[in-house]
Amino acid sequence: SRVQQVKPQPEIFELARQRFLLTPANTLFIDDSGKNIAAASALGWQTILFMDAARCEAELTEKRWLRSAG
């Protein structure tokens, strides 16, 4: 609300990219909304649709954003 933007509007992702000097291809966006995931993905962000913690952890490990505990 502070930036007067809401997901899934592309402008909020662009604002985040600029403000935090992000490279979308190297930035992971996790959300529980398919619409938000689709918007971020369309802009080149790496994404994970959050369904539950175990699945998120598995996807993080699979995509090499997280090392396995073993």
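Residues numbered from 1 in each chain as written. Predicted model: local features only at pLDDT ≥ 70, side-chain atom pairs only at ≥ 80, totals over all residues. Heavy atoms only, no water.

Soluble globular proteins tend to bury their nonpolar side chains together. By size, the foremost hydrophobic cluster in this structure holds 7 residues: Ile12, Phe13, Phe29, Ile37, Ala39, Ala40 and Trp45. Contributing elements (two or more residues each) for this core: helix 1 (10-19) and helix 2 (34-42). The element contributing the most residues to this core is helix 2, with 3 residues. With near-sequence residues (within four places) excluded, isoleucine 37 lies in contact with Phe29, Asp31, Thr47, Ile48 and Leu49. (Core = buried A, V, L, I, M, F, W, Y, C linked by side-chain atoms within 4.5 Å. Buried < 20%, exposed > 50% of the residue type's maximum accessible area, 1.4 Å probe, protein only. Helix = DSSP H or I, 4+ residues; strand = E, 2+ residues; numbered from the N terminus. Contact = heavy atoms within 4.5 Å.)

With that settled, consider the pattern of salt bridges. Throughout the structure, instances matching the rule amount to 2 salt bridges. Here aspartate 31 and lysine 7 are joined by a salt bridge, their closest N and O atoms 2.9 Å apart. In this pair, aspartate 31 is assigned in strand 1 (residues 28-31) and lysine 7 in the segment before helix 1, connecting sequence segments 24 residues apart. A salt bridge links glutamate 14 to arginine 17, with the nearest nitrogen and oxygen atoms 2.6 Å apart. One end of the pair is glutamate 14 and the other is arginine 17, both in helix 1 and 3 residues apart, which spans about a single turn. The partly exposed category is assigned to glutamate 14, whose relative accessible area is 32%. (Salt bridge = Lys/Arg side-chain N within 4 Å of Asp/Glu carboxyl O.)

Before going further, it helps to spend a moment on the pairing of strand 2 (residues 46-49). Bridge count between strand 1 and strand 2: 4 bridges; the pairing is parallel. If you follow phenylalanine 29 over to strand 2, its bridge partner there is threonine 47. Chirality of the crossover, the property in question, places the unit of strand 1, helix 2 and strand 2 among those that are right-handed. (Pairing = 2+ DSSP bridges. Right-handed = clockwise from strand over helix to strand, strands pointing away.)

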